[in-house]
Amino acid sequence: MMSLARSHLAVGVVCFWLVSSPACKRTGRSHGETWGGIAPSCKALAATCGPSRNEDCCKSLRVPGGTFKRGYDGVDFLDPGDTATVSDFYLDRYEVTVGRFRAFVNAGFGTQAHPPVEGSGAHPRIAGSGWSSRWNARLPATTAALKAGLECYAAYQTWTEAPGSNENKPVNCLDWYTAFAFCAWDGGRLPTEAEWSYAAAGGSEQRYFPWSNPPAATTIDDSYAVYCGGTCRIASVGSRSPKGDGKWGQADLGGNVWEWTLDFAGGSYPMPCRDCAAVTAGTYRAFRSGSNDDIPATLRSAVRHVYYPDYHGVVGARCARTP
């Protein structure tokens, strides 16, 4: 796994949801607006996520657009350049859970026999950001192979063959292609790196950690996030909510599992950036958040991480939608 000074990368999955989908409806424009559609992964799931285990596991919250500095937190990262502007979008409150991913697996998707449709999962403002049939061969050949890939390391994998106590934990051991395929199937997409970072930073607040209030506050302990350098286990999504939530209500933006983003990643951010993403070429993909197996510095909002897109580890996903 690689980490860069201004371009650190790490992995997990968060899905963005297209509000233009026929299944979607909007419930207003106020702060905290919730997407009102029904994601396929939650059609048969009870509302059991969050600190009280009574929230929709597919709950997606509006993030109002704006401009921020991608490599700045006012404390450790002080470069005022690399500004980015993002439009309004919805970002899932929770990381994709084992229960949600089980619905995807049981439906027979995520394999070479049933790949995403060409162009699906695209950001509507970014050309070439949808699924490419060139990637079909990077998916597991069969459902059995897909399940085998989710069993990447017995010490921290969350997938189980049969439903059990892990259903509300974030699924991990996901490669980038499978994360993309899930979010596309579930009616959304992977967030761009700029969108994910904007949500974690609280937009122009430039938060040091996603929960930092005031923004330059560097306070962190295990009441804010699931992390401990490998001495604690991955927890159910939202277990540190609301104390560890980001500005717009997303949980676990720091810790628990890494989350994949859409972008290729190298040494620098794409510029200029207005609803931008690096989608044309590259070796590595960007991931964010930090995991349970990390130190506090890894959970900072401005930190980037990168690795090969077929990597399986403490990496999951979160999905997004675009109004």
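In this text, all values refer to a predicted model and were calculated from it rather than measured experimentally.

Examining the overall build of the protein
So, step 1. Scanning the protein from terminus to terminus reveals 4 helices and 11 strands.
So, step 2. Scored against the burial criterion, the 323 residues of the protein give a buried share of 58%.
So, step 3. Excluding contacts between residues fewer than 6 apart, the proportion of contacts in the protein whose partners are at least 24 apart in sequence is 76%.
So, step 4. Entry remark: accessible area of the protein is about 11800 Å², with carbon and sulfur atoms responsible for 52%.

Overview of the state of the cysteines
By definition, a disulfide links the sulfur atoms of two cysteines through a covalent bond.
So, step 1. All told, the structure shown has 6 disulfides when counted by the stated rule.
So, step 2. With a sulfur-sulfur separation of 2.0 Å, Cys-49 is cross-linked through a disulfide to Cys-57. One disulfide, between Cys-49 and Cys-57, carries an S-S torsion of 95 degrees and so falls in the right-handed class. Cys-57 carries the same exposure label as Cys-49, and that label is buried.
So, step 3. Across a sulfur-sulfur distance of 2.1 Å, Cys-183 and Cys-319 are joined as a disulfide pair. In this structure the cystine formed by Cys-183 and Cys-319 twists about its S-S bond by roughly -80 degrees; its chirality is therefore left-handed. Pair noted here: Cys-183 is in helix α3 (residues 176–185) and Cys-319 is in strand β11 (residues 315–321), with a separation of 136 residues, a long-range link.
So, step 4. Classification of Cys-183 as buried rests on a relative accessible area of 0%.

Focus on the pattern of salt bridges
So, step 1. All told, the structure shown has 18 salt bridges when counted by the stated rule.
So, step 2. Note that Arg-62 and Asp-88 form a salt bridge whose closest N and O atoms lie 2.8 Å from each other. Separated by 26 residues along the polypeptide, Arg-62 in strand β3 (residues 60–63) and Asp-88 in the loop between β5 (83–86) and β6 (89–92) bring together distant segments of the chain.
So, step 3. Residue Arg-62 is classed as buried on the basis of its relative accessible area of 10%.
So, step 4. Arg-318 is the partner of Glu-259 in a salt bridge, and the nearest nitrogen-oxygen pair spans 2.7 Å. With Glu-259 in strand β8 (residues 258–265) and Arg-318 in strand β11, this residue pair connects regions lying 59 residues apart in the sequence. Arg-318 carries the same exposure label as Glu-259, and that label is buried.
So, step 5. Taken together, the shared-partner salt bridges connect Glu-55, Lys-59, Arg-93 and Asp-245 into one network.

Quick look at the packing of helix α1 (residues 98–106) against α3
So, step 1. In the contact formed by α1 and α3, the axes pass within 11 Å of each other and the chain directions differ by 85 degrees. As the angle between them shows, α1 and α3 are arranged roughly perpendicular. Along the contact surface, α1 presents Arg-100, Phe-101, Ala-103 and Phe-104, while α3 presents Thr-178, Ala-181, Phe-182 and Trp-185.
So, step 2. Split into classes, the residues belonging to the contact of α1 with α3 amount to 6 nonpolar, 1 polar and 1 charged.

Some details on the environment of Val-63
So, step 1. For Val-63, the position within the fold is in strand β3.
So, step 2. The exposure class of Val-63 is buried, given its relative accessible area of 0%.
So, step 3. When the C-alpha atoms of Val-63 and Asp-88 are compared, they prove to be 5.8 Å apart, with 25 residues separating the residues in sequence.

Points about the confidence of the model for the protein
So, step 1. The predicted model of the protein averages 90 in pLDDT, with 90% of residues at 70 or higher.
So, step 2. Segment residues 2–31 is flagged for pLDDT under 50; beyond a separation of four residues in sequence, or across chains, it makes 165 contacts in the model.

A look at the environment of Gly-99
So, step 1. Take Gly-99: it is sitting in helix α1.
So, step 2. Taking the relative accessible area as the measure of exposure, Gly-99 reaches 8% and is therefore buried.
So, step 3. Once the C-alpha coordinates of Gly-99 and Ala-46 are considered, the two residues, 53 residues apart in sequence, prove to be 10.0 Å apart.
So, step 4. When sequence neighbours within four positions are dropped, the list of residues in contact with Gly-99 reads Leu-45 and Glu-167.

Thresholds applied
- Residues numbered from 1 in each chain as written.
- Predicted model: local features only at pLDDT ≥ 70, side-chain atom pairs only at ≥ 80, totals over all residues.
- Heavy atoms only, no water.
- Helix = DSSP H or I, 4+ residues; strand = E, 2+ residues; numbered from the N terminus.
- Buried < 20%, exposed > 50% of the residue type's maximum accessible area, 1.4 Å probe, protein only.
- Contact = heavy atoms within 4.5 Å.
- Areas by Shrake-Rupley, 256 points an atom, 1.4 Å probe, with all protein chains shown as cover.
- Disulfide = S-S within 2.5 Å.
- Salt bridge = Lys/Arg side-chain N within 4 Å of Asp/Glu carboxyl O.
- Axes fitted to C-alpha atoms, helices over the stretch in contact; angles between N-to-C directions.
- Parallel < 35°, antiparallel > 145°, perpendicular 65-115°, else oblique.
- Nonpolar A, V, L, I, M, F, W, Y, C, P; charged D, E, K, R; others polar.
- pLDDT = per-residue confidence, 0-100.

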